[in-house]
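Each chain is listed here by its residues.
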Amino acid sequence: MALEKDVDCPACGETRSFYRTAAMTLHLGEKTKWRCPDCGYGFVEIGGIDTLPA
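Computed from a predicted model, the values in this text were never measured in an experiment.

**Topic: the environment of Thr 21**
Here comes step 1: As for its placement among the helices and strands, Thr 21 is situated in strand 2 (residues 15–26).
Here comes step 2: Sequence separation of Thr 21 and Gly 42 is 21 residues, and the distance between their C-alpha atoms is 9.3 Å.
Here comes step 3: Excluding residues that lie within four positions of it along the chain, Thr 21 makes contacts with Lys 33, Trp 34 and Arg 35.

**Some words on the sheet that holds strand 1 (residues 4–8)**
Here comes step 1: In spatial order, the strands read 1-2-3-4-5; together these 5 strands make up an open sheet with antiparallel pairing. Both outer strands of the open sheet, strand 1 and strand 5 (49–50), are each paired with one neighbouring strand and no more.
Here comes step 2: Taken together, the 5 bridges between strand 1 and strand 2 define a ladder with antiparallel strand orientation. Within strand 2, the residue paired with Asp 6 across the bridge is Ser 17.

**Focus: the environment of His 27**
Here comes step 1: With respect to the secondary-structure elements, His 27 resides in the loop between strand 2 and strand 3 (29–35).
Here comes step 2: Look at His 27 and you get exposed, because its relative accessible area is 79%.

**Focus on the pairing of strand 4 (residues 42–46)**
On any regular strand, side chains alternate: one points to one face of the sheet, the next to the other face.
Here comes step 1: Of the two faces of strand 4, only one is covered, namely that formed by Phe 43 and Glu 45; the face formed by Gly 42, Val 44 and Ile 46 stays uncovered.
Here comes step 2: Here 5 bridges tie strand 3 to strand 4, and the two strands are oriented antiparallel to one another. In the strand pairing of strand 4, Lys 31 is matched with Ile 46.
Here comes step 3: Between strand 3 and strand 4, which pair antiparallel and follow one another directly, the connecting turn spans 6 residues, one of which, Gly 40, has a positive phi of 90°.
Here comes step 4: In this structure, the hairpin formed by strand 4 and strand 5 is closed by a connection of 2 residues, where Gly 47 is found at a positive phi of approximately 55°.

**So, the confidence of the model for the protein chain**
Here comes step 1: With 98% of its residues at a pLDDT of at least 70, the protein chain reaches an overall mean of 93.
Here comes step 2: Mean pLDDT across the elements of the protein chain bottoms out in strand 5 (92) and peaks in strand 2 (96).

Cut-offs used in this document
Residues numbered from 1 in each chain as written. Predicted model: local features only at pLDDT ≥ 70, side-chain atom pairs only at ≥ 80, totals over all residues. Heavy atoms only, no water. Helix = DSSP H or I, 4+ residues; strand = E, 2+ residues; numbered from the N terminus. Contact = heavy atoms within 4.5 Å. Pairing = 2+ DSSP bridges. Buried < 20%, exposed > 50% of the residue type's maximum accessible area, 1.4 Å probe, protein only. pLDDT = per-residue confidence, 0-100.

Here you go:
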């Protein structure tokens, strides 16, 4: 898995390179935590489903 991912940051309002801060395997799939280095906004992704606002 990549260590960075380009995502639209809801706090910055622009596309930013989020960095992976943690990852582990669960029974639902891989849980990965991502964080924006500019503002500190973070989200979780489990098995390809994320907690970003729609």
